[in-house]
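# Structure assessment
What follows is each chain in one-letter form.
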Amino acid sequence: VLVIACPCALGLATPTAIMVGTGKGAQHGILIKGGEALEMAHKIQTVILDKTGTITQGKPHVTDVIGKEQLDGGGGVVGGVDAGGADGVDARALSEIIGYAAGIERGSEHPLGFSIVQYAINNEIPLKPIDSFEAIVGKGVQGISAGRRVLVGNSMLMDAFKIELSAESVACAQRFSFQGKTPIYLALDDELSGIIAVADVVKPTSRTAIQKLHDLKINVAMITGDNERTAKAIAQLVGIDNVIAEVLPQDKAARVKSYQEEGQRVAMVGDGINDAPALAQSDVGIAIGSGTDVALESADIVLMHSDLMDVATAIKLSKATIRNVKQNLFWAFGYNVAGIPIACGLLYLFGGPLLSPLFAAAAMSLSSVSVVSNALRLRRFKAYD
C-alpha cells in the first residue's frame, strides 16, 4: 500500500510536460521564461497587437511630400521632391520641408522620424541645424531649427499648438490615411507648411497569423497611436475588426486593463519601449525579438523570429502542453485509485490474489515511465507554417 501510494507519477505529471513544452518552444524560436506563462497562454481570450514593428515591418519610408502651395492650389500629391512634374520653385520648397522635418527628427528615436531623416539622406537634402529639441509623447516633436520654430507630428500636435489646418490639408491627410499611410504635418513659425506621408509595409505573414488566431477562437485587436483612418486601413488588410487608434503610449496599459476588467484573459504583443507597461499589465506579455531591451525584459514570452505566426504557435503549444498535463494527472490518479484497493486486499476478499510488494514496486515504476513517455509525445508538436 505504501509503495503504490508513493506519488512519484503525480509529482512528475506537470513538470515533465512543462519542461518538454518549453524546450519545444525554444526549438521554434519561442522563448518562454517560465512555466506560469506557458500554463496561462492556453486561457488567452484576446490578443492585442501593436501595429508598428509587430503587424508591420517597423521600417516605414516616405512615400509622398506635399507643400503649402500644392495644398492651397488644390494640386495633386507630389511623390517625392522632384517627382510629379514639380518645377524648380516647387522642388526647392519641398526640399525645404524635408530639410526642416529631417533636421528636427534627427533628435527623435521614433521610426517615422527616422524614415524622414533617411529620406533626406538618400535624396541628398541638407538637414537644417537644430538649436533646441523636445519630443512630445504620442504627438510629435518641436524645436528651433535655423532660427525658426518647427513642429512635426500628427493632428493632435497641431491642435495642441493651435495650428490652423485648412480644409485642403485635412482632405489631403484623409486621402493618405485611406491609403494606409500616416500623414505627418510640418508647421514653421506656427503656420502649416506641408504634409509628409509615411507608409510601413505589412509583414507577409501577418494576415495568415491573425487568421490562425481567429481559428483558435481568439479575439484579435490592434492598438496604435496612428489616426483611426490609417489604423482601419491597415486592420482591413490583415483581417482585424477591433481597432484601438490614437492611443498615447502611456494609455496602452490602461486599454489592456479595461479588457481584463471585462473578464478577458489578455495577451499583449509589442516591441517598443512604449509597449513595456502594457506587456507587464497583460496576463501574458509577448515581445517581438527585434524589439527594445525594455520590451524583452517586460515580456513573458519572446519571439526570436519576429513573426506573428509564432504568437499562434505559442498559444497552440500551451494548449497542447496543458492537455498533456491533464492526461498525465489522469493516469497518475488512476494508477493510485486502482492500485491502493488491490494492495489492501480487495481482490483477496473475492478469492483473488494478494499483491506482492515486488509487483507494487514494478507498477509504481511503470506509472512513472508512462507519465514521462506521455510528456515526451509533445516532441512531435508541429508549429504553424
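The structure we're discussing is the one just above.
Residues numbered from 1 in each chain as written. Predicted model: local features only at pLDDT ≥ 70, side-chain atom pairs only at ≥ 80, totals over all residues. Heavy atoms only, no water.

## Let's talk about the sheet that holds strand E8 (residues 191–199)
Reading across the sheet, the 6 strands line up as E3-E8-E7-E6-E5-E4 and stay open at both edges, with antiparallel pairing between neighbours. One side of each edge strand has no neighbouring strand; the edge strands of this open sheet are strand E3 (61–67) and strand E4 (130–136). Each adjacent strand pair in this sheet contributes to an overall mean axis angle of 20 degrees, direction not counted. Relative to strand E7 (residues 182–188), strand E6 (residues 148–153) runs antiparallel, the two being bridged by 4 bridges. If you follow glycine 153 over to E7, its bridge partner there is tyrosine 185. (Pairing = 2+ DSSP bridges. Helix = DSSP H or I, 4+ residues; strand = E, 2+ residues; numbered from the N terminus. Axes fitted to C-alpha atoms, helices over the stretch in contact; angles between N-to-C directions.)

## Describing unusual backbone geometry
Unusually for a residue other than glycine, glutamate 124 sits at a positive phi of about 55 degrees. The exposed category is assigned to glutamate 124, whose relative accessible area is 72%. Residues other than glycine seldom take positive phi values, yet aspartate 189 does so here, at roughly 50 degrees. Within the element layout of this structure, aspartate 189 appears in the loop between E7 and E8. (Buried < 20%, exposed > 50% of the residue type's maximum accessible area, 1.4 Å probe, protein only.)

## A closer look at helix H9 (residues 167–178)
With 12 residues, H9 ought to run about 16 Å at 1.5 Å a step, and its terminal C-alpha atoms sit 16 Å apart, in line with that. For H9, every residue scored as buried is listed here: Ser169, Cys172, Ala173, Phe176 and Ser177. When H9 is viewed along its axis, its buried side chains cluster within an angular range of 140 degrees and face the same direction. The exposed residues of H9 that point more than 90 degrees off its buried face are Ala167 and Phe178. Positive phi shows up at glycine 180, right after H9, with a value of about 80 degrees. (Expected span 1.5 Å × (residues − 1). Arc of directions from axis to C-beta.)

## Some thoughts on the nonpolar core
Counting 44 residues, the largest nonpolar core has Val47, Leu49, Ile240 and Val311 as its most contacted members. Tallying contributions element by element places helix H15 (residues 309–344) first for this core, with 8 residues. Look past the residues within four positions of leucine 49 in its chain and what remains in contact with it is Ile55, Ile210, Val220, Ala221, Met222, Ile223, Ile240, Val269 and Leu308. Counting 23 residues, the second-largest nonpolar core is a separate cluster that includes Val62, Leu94, Val150 and Leu188. (Core = buried A, V, L, I, M, F, W, Y, C linked by side-chain atoms within 4.5 Å. Contact = heavy atoms within 4.5 Å.)

## Considering a nonpolar patch on the surface
Taken together, the side chains of Leu10, Phe333 and Val337 define a hydrophobic patch exposed on the protein surface, amounting to about 280 Å² of accessible area. Within the secondary structure, valine 337 sits in helix H15. (Patch = residues over 30% accessible without salt bridge, like charges linked within 9 Å, V, L, I, M, F, W, Y side chains within 5 Å. Areas by Shrake-Rupley, 256 points an atom, 1.4 Å probe, with all protein chains shown as cover. Salt bridge = Lys/Arg side-chain N within 4 Å of Asp/Glu carboxyl O.)

## As for the pairing of strand E9 (residues 219–223)
Across the 5 residues that make up E9, a large majority, 4, are buried. Here strand E2 (residues 46–50) pairs with E9 via 5 bridges, running parallel. Paired with threonine 46 across the strands is asparagine 219, a residue of E9. As judged from the 3 bridges shared by E9 and strand E10 (residues 242–244), these two strands associate in the parallel manner. Across the sheet, residue alanine 221 finds its bridge partner in E10, namely asparagine 242. For the segment spanning E9, helix H11 (residues 228–238) and E10, crossover handedness is right-handed. (Right-handed = clockwise from strand over helix to strand, strands pointing away.)

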